[in-house]
Amino acid sequence: MPIVVSQLGHTLVHLADSVIVGHFAGTVQLAAVSLVNSLFMLILVLGLGIAYGLTPLIARENGKRNYEECGKLLANSLMINIATGLLLYILVHFGTLAIIDHIGQSPDVVAYAKPYLGYLSFSILPLMVFQTFKQFTEGLGFTKQAMYISIWGNLINIILGIVFVKGMFGITPMGVKGVGLSTLIDRLLMATVMTFYVVRTPHFKPYLHRFRTRICDKVRISRIIKIGAPVALQYAFEISAFSGAAILIGTIGTTEQAAHQIAINLAAITYMMASGIASAATIKTGNNLGRGDINKLMLQAMASYHVVLMFMGITALIFIFANPLLPYIYTEDIEVVKVASRLLIIAGFFQLFDGTQVVGLGILRGMGDVNIPTIITFAAYWGIGIPVGYILGILLHLGADGIWYGLTLGLLSASVMLYMRFRRSSSLYSAAPLTLN
């Protein structure tokens, strides 16, 4: 549960931005938030994936009681993540900002989107520092502190966002730029607090005994990147599919784009909670693998599937039966609400597929099986989801609904193929446990 809450923190930042802008700045600026979040999340998940490469390795070494190796892995991961953060900042600031004028979006939307994206680009580096220490502590089983920091960070983001957007306490109203600035401040504070927690807490002294940022070596860097890079691609293929869907919907109209932002925000909340279950599955799988306990690995992997199916089944019912009410959290624009309500019904149907595919990825990451799942995610989302969505939504004129039908088919395909991969991998592991690395 603590991992679920802390994972949810990333999505709640964008949820808060959307709600604040939707109520206090209007539909055009909400569409700008939708466009930016779609583009920025694609960049962000590359960083999150690289940072995630640390967790299964820490869980495995901790299972072997190899504490000094954990500290060395942390030092190497921190250097990798700082370098990644700088590269992603350059990519956003000098790449995405340059192409945003040329992807067929409304000029009014683009004008509001640019400054918001600029603030978010500065927030990447502190977020990568936060993620480094978060993945380290979670890999060791210390999950609550990151949860507390995420909760307080989101509260600060909401308060500052409202103040900046509305222009309270003598501050000039900033509109959509205000939520960008509040997000930057939030992530700077979270990185600072998380770093001090790990460095100063007695729990981690045995692990930090050999922690030196100057101790970087090719072997450990390679181990982290061999897991982190495929995970980053897995995230990127899925998120880019939803980003691609947002761009396709943006060519239909501003109302549809704003409605997509509402529906995808709500779906992202449940997805991030499911990814918390997946992260727990990764940690338990890696820990059991380190101990050589394959039977317990299998039992806890199947338990993860059962938990996510129960949870996503509940969220599916909420989306389907509360679809006329949920969009009003974001806006009172009747036309936007109508479209968003329809999309939420579709989102309700793909909840089970979304949950099982992310848990399947989490289990396979704990096993060290990341390359084939990366191919599966690409095939599901870009070989099936987006092409079918384009055909239904654009060529057959089903609009935003058609594009979301395509996304649903992509998620279904991913969930089935990843489960089949898990069953095959687990049977091989059971037959030859001594070959695991």
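So, how was this worked out
Residues numbered from 1 in each chain as written. Predicted model: local features only at pLDDT ≥ 70, side-chain atom pairs only at ≥ 80, totals over all residues. Heavy atoms only, no water. Phe/Tyr/Trp six-rings, centres within 6.5 Å; stacked < 30°, edge-to-face > 60°. Helix = DSSP H or I, 4+ residues; strand = E, 2+ residues; numbered from the N terminus. Buried < 20%, exposed > 50% of the residue type's maximum accessible area, 1.4 Å probe, protein only. Lys NZ or Arg CZ within 6 Å of the ring centre and 35° of its normal. Axes fitted to C-alpha atoms, helices over the stretch in contact; angles between N-to-C directions. Parallel < 35°, antiparallel > 145°, perpendicular 65-115°, else oblique. Contact = heavy atoms within 4.5 Å. Nonpolar A, V, L, I, M, F, W, Y, C, P; charged D, E, K, R; others polar. Polar contact = N/O pair within 3.5 Å; in protein donor to acceptor, adjacent residues only side chain to side chain. pLDDT = per-residue confidence, 0-100. Patch = residues over 30% accessible without salt bridge, like charges linked within 9 Å, V, L, I, M, F, W, Y side chains within 5 Å. Areas by Shrake-Rupley, 256 points an atom, 1.4 Å probe, with all protein chains shown as cover. Salt bridge = Lys/Arg side-chain N within 4 Å of Asp/Glu carboxyl O. Lys, Arg positive; Asp, Glu negative; His and termini not counted. Charge placed at Lys NZ, Arg CZ, Asp CG, Glu CD. Expected span 1.5 Å × (residues − 1). Core = buried A, V, L, I, M, F, W, Y, C linked by side-chain atoms within 4.5 Å.

### A short note on the packing of aromatic side chains
Tallied over the full model, the rule gives eight aromatic pairs. When the ring of F136 is compared with that of F204, the centres are 6.0 Å apart and the planes differ by 50 degrees; the resulting orientation is tilted. Pair noted here: F136 is in helix α6 (residues 124-139) and F204 is in the loop between α8 (176-200) and α9 (205-208), with a separation of 68 residues, a long-range link. Both residues of the pair, F136 and F204, belong to the buried class. Residues F237 and F378 carry aromatic rings whose centres are separated by 5.0 Å and whose planes lie at 65 degrees to one another, so their mutual orientation is edge-to-face. With F237 in helix α10 (residues 218-250) and F378 in helix α14 (residues 371-395), this pair connects stretches of sequence that are 141 residues apart. Taken together, the ring pairs connect F136, Y197 and F204 into an aromatic cluster. Above the face of the Y235 ring, R365 is positioned so that its terminal group lies 5.0 Å from the ring centre.

### Structural notes on the packing of helix α5 (residues 107-122) against α6
It is the contact of α5 with α6, at a shortest axis distance of 4 Å, that shows an interaxial angle of 40 degrees. It follows that α5 is oblique to α6 by the angle criterion. Touching L120, S121 and F122 of α5 are I124, L125 and P126, all from α6. Partitioning the contact of α5 with α6 into residue classes produces five nonpolar, one polar and no charged.

### A word on the environment of S123
Relative to the elements of secondary structure, S123 occurs in the loop between α5 and α6. On the basis of relative accessibility, which here comes to 0%, the residue S123 falls in the buried class. Separated by 63 residues in sequence, S123 and D186 place their C-alpha atoms 8.7 Å apart. Not counting chain neighbours up to four residues away, the residues in contact with S123 comprise F40, L184 and R187. Reaching out from S123, the side chain makes a polar contact with the backbone oxygen of L120 at a distance of 2.7 Å.

### Some thoughts on the confidence of the model for the chain
On average, the chain scores 81 in pLDDT, and the residues at 70 or more come to 91%. By mean pLDDT, the top-scoring element of the chain is α14 (90), and the lowest-scoring one is helix α1 (residues 2-24) (70).

### Focus on a positive patch on the surface
Among the surface-exposed residues, R65, K284, R291 and K296 lie close enough to one another that they form a single positively charged patch. Summarising the element assignment, R291 is placed in helix α11 (residues 254-291). For R291, a relative accessible area of 53% gives the class exposed.

### Concerning α11
Across its 38 residues, α11 extends 54 Å between first and last C-alpha, which sits within 8% of the 56 Å expected from 1.5 Å per residue. Within α11, 31 of the 38 residues are buried, leaving the element largely enclosed by the surrounding structure.

### Some thoughts on the pattern of salt bridges
Under the definition given, this model contains four salt bridges. With its nearest N and O atoms 3.8 Å apart, the salt bridge here joins E335 to K338. Of this pair, E335 and K338 both sit in helix α13 (residues 334-366), three residues apart, roughly one helical turn. Exposure remark for E335: the relative accessible area of 45% places this residue in the partly exposed category. Since its relative accessible area comes to 47%, K338 is described here as partly exposed. A salt bridge links D369 to R421, with the shortest nitrogen-to-oxygen separation between them at 2.8 Å. Remark: R421 occurs in helix α15 (residues 399-431) and D369 occurs in the loop between α13 and α14; sequence separation between them is 52 residues.

### Some remarks on the side chain of E138
Note that E138 resides in helix α6. Residues in contact with E138, not counting those within four places in the same chain, are I3, S6, T143, A146 and I283.

### Some details on the nonpolar core
If you look at the biggest cluster of nonpolar residues, it comprises 124 residues, and the most contacted ones within it are F136, L266, V359, I363, W404 and F422. Discounting residues that sit within four places of it in the chain, F136 has contacts with L54, I58, C70, L74, V198, F204, Y207 and L208.

### Considering a nonpolar patch on the surface
There is a patch of nonpolar side chains on the surface, built from Y390, I391, L395, L396, L398 and Y405 and spanning about 570 Å² of accessible area. The greatest single-element share of the nonpolar patch, amounting to three residues, is contributed by α14. Tracing the sequence through the fold places L398 in the loop between α14 and α15. On the basis of relative accessibility, which here comes to 43%, the residue L398 falls in the partly exposed class.

### Digging into the packing of helix α3 (residues 54-63) against α10
The interhelical angle for the contact between α3 and α10, taken along N-to-C directions, is 125 degrees, at an axis separation of 8 Å. By the criterion of interaxial angle, the relationship of α3 to α10 is oblique. Contacts between α3 and α10 pair L54, P56, L57 and E61 from the former with R223, I224 and I227 from the latter. Taken together, the residues of the contact of α3 with α10 break down into five nonpolar, no polar and two charged.

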